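In case you want the letters, here they are:
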Amino acid sequence: MNGDEEFFDAVTGFDSDNSSGDFSETNQRVTGVIHVDTSQSNGIGKAGERPPQENGIQKHRTCLPAPMFTRTDFSVWSILKRCIGLELSKITMPIAFNEPLSFLQRITEYMEHVYLVHKASRQPQPLDRMQCIAAFAVSAVASQWERTGKPFNPLLGETYELIREDLGFRFISEQVSHHPPISAFYSEGLHHDFLFHGSIYPKLKFWGKSVEAEPRGTITLELLRHNEAYTWTNPTCCVHNVIIGKLWIEQYGTVEILNHRTGDKCVLHFKPCGLFGKELHKVEGHIQDKNKRKLFIIYGKWTEGLWGIDPVAYESFRKQERRGDPLRKAKLDEGAERADSDVADTVPAAQETVQVIPGSRLLWRINARPSNSAQMYNFTSFTVSLNELQTGMEKILAPTDCRLRPDIRGMEDGNMDLASQEKERLEEKQREARRARAKEEAEWQTRWFHQGRNPYTGTPDWLYAGGYFERDFSGCPDIY
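The structure displayed is predicted, hence computed values, not measured ones.

Peer 1: Provide a residue-level description of the environment of D289, including the pertinent values.
Peer 2: Residue placement: D289 occurs in the loop between β14 (282-288) and β15 (294-301). Residue D289 is classed as buried on the basis of its relative accessible area, which comes to 13%. For the pair formed by D289 and G263, sequence separation is 26 residues and the distance between their alpha carbons is 6.4 Å. The residues contacting D289, other than those within four sequence positions of it, are G263, D264 and L295. Only 2.9 Å separates the side chain of D289 from the backbone nitrogen of N291, close enough to count as a polar contact.

Peer 1: Can you explain the nonpolar core? Please cite residues and give values.
Peer 2: Nonpolar side chains in soluble globular proteins tend to be buried together. One finds F196, W232, I257 and L268 to be the most contacted residues of the largest nonpolar core, which totals 71 residues. No other element matches helix α4 (residues 126-139), which puts eight residues into this core. Setting aside anything within four residues of it in sequence, one finds L268 in contact with A134, V138, G253, T254, V255, I257, V283, E284, G285 and I298. The next biggest cluster of nonpolar side chains, apart from the first, holds 16 residues, and it includes V176, A184, W462 and C476.

Peer 1: Now, about helix α5 (residues 311-324): what can you tell me, with residues and values included?
Peer 2: Look at α5: 20 Å from first C-alpha to last across 14 residues, which is about the 20 Å you get at 1.5 Å a residue. Of all the residues in α5, the buried ones are P311, Y314, F317 and R318. Buried residues of α5, seen end-on, are gathered within an arc of 125° and therefore sit on one face of the element. Along α5, the residues that are exposed and aim more than 90 degrees away from the buried face are V312, R323 and G324. The secondary structure elements touched by the buried residues of α5 are β15 and β16 (305-309). For α5, the side-chain oxygen to backbone nitrogen distance between the N-cap and V312 is 2.9 Å, and the N-cap itself is D310.

Peer 1: If you had to explain α4 to someone new, which residues and values would you point to?
Peer 2: In this model, α4 (14 residues) spans 20 Å end to end at C-alpha, consistent with the 20 Å of a helix rising 1.5 Å per residue. A large share of α4 lies buried, amounting to 11 of its 14 residues. Residues of α4 that are buried: R129, M130, Q131, C132, I133, A134, A135, F136, A137, V138 and S139.

Peer 1: Residue-level account of the pairing of strand β18 (residues 449-453), with values.
Peer 2: Bridge count between β18 and strand β19 (residues 460-464): five bridges; the pairing is antiparallel. Directly across from G452, in β19, lies its bridge partner D461. The hairpin formed by β18 and β19 contains six residues between the paired strands, and G458 there has a positive phi angle of roughly 80°.

Peer 1: I'd love a proper account of the pattern of salt bridges, names of residues and values included.
Peer 2: Applying the stated criterion across every chain, the model contains 25 salt bridges. K271 is the salt-bridge partner of E284, the closest N and O atoms lying 3.7 Å from each other. Residue E284 is found in strand β14, and its partner K271 is found in the loop between β13 (265-270) and β14; the two are separated by 13 residues along the sequence. Taking the relative accessible area as the measure of exposure, K271 reaches 24% and is therefore partly exposed. A salt bridge links R405 to D407, with the nearest nitrogen and oxygen atoms 2.8 Å apart. The residues R405 and D407 share a single accessibility class, namely buried.

Cut-offs and rules
- Residues numbered from 1 in each chain as written.
- Predicted model: local features only at pLDDT ≥ 70, side-chain atom pairs only at ≥ 80, totals over all residues.
- Heavy atoms only, no water.
- Helix = DSSP H or I, 4+ residues; strand = E, 2+ residues; numbered from the N terminus.
- Buried < 20%, exposed > 50% of the residue type's maximum accessible area, 1.4 Å probe, protein only.
- Contact = heavy atoms within 4.5 Å.
- Polar contact = N/O pair within 3.5 Å; in protein donor to acceptor, adjacent residues only side chain to side chain.
- Core = buried A, V, L, I, M, F, W, Y, C linked by side-chain atoms within 4.5 Å.
- Expected span 1.5 Å × (residues − 1).
- Arc of directions from axis to C-beta.
- Pairing = 2+ DSSP bridges.
- Salt bridge = Lys/Arg side-chain N within 4 Å of Asp/Glu carboxyl O.

Purely spatial values, then, with no claim about function.
This is the structure:
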């Protein structure tokens, strides 16, 4: 890497929601004692004791310190007009288009629906486990709904930790590369029921009226009690009308979740908007065995909920539906996208809710967002708590933790001038550090992750090196 290479706050990916099912452990609270291996330092203490959580949070906040800053006075077109068809990893964006979170915290939103993973671990049958994992994979992108602000691009060496005793997990992430931007994460269940890890490198492009985030990197979930590993990648996310018009988001692409022990696979199709918006937010797919025999049909919306049904019952219902409702054919050229048009992409009208087929099983349903979510960057209740910093927490956290980052803190507090000044200072500090390493011909050393290969796919990955929760932060870099 060239020592003079500039640091830019990239338009980062739009990844994971506040969803959970009202049918089971929706916001499951762990009752009684958390039984963990006390030989590992996790801040929970001995069995039979319930001291405060390691991060010092018992009740999580329900609103941000200041309302969202208006973006109406800013023109993104002046920045993006020369970037059509290019990758956005080196394009500076005004801070007004951010949301007060780091991309590392965005990744943590995968864990909002971790109850589905706990539920999967308790299922005796592989098919039932795959249903839970499929619901977890879909729910992980649900918080992107109406989230049109971009998270802050993490600084090299930046970290984020989260321990939630009530949800039964702990989580650590680190920005392991700056060009290309790569974020690595690792999470484990406090009941030793799962490991969840991966590295994310979203490739972003601007297409005239929209920004597309193509996912890169493998997500791995291990169910330890069953000796099973599942891998998948997220769908592509597209934000429309970044120049003019109302911003709206769609997810599209095929997600394949593979059970590496049984060979079972779940194939999920995130539907693009389609003609007249009829397919917007829809997810359809199935679970098949290693011989490609369909075992279960899955359908729903990633913004609403997910259901499943036996294939025979599904086909029977569709046959009846076709007999009672003649197929309506649409002209292929109607509504064709005009990428070079100055007219905004039409925001699809709200479609009717998912038609639930009789005999279906509810796999997951989204939770309502806070009533004031629109004034909080459309955050979910889980997301609102991610950057909370209570008195004394800075003594426990690593000095590289996102919560200690002054530009994000300034924006969250509503001080946009301070946030912008701090952002510029941090960028210059990172440039200076890069130039110093180049002068000394020194390579950047990651702290908590190392390069390797995914043990199940064999593809390049960043693997957790361990040791974070022992809390020896003496070797952490000074990045803030």
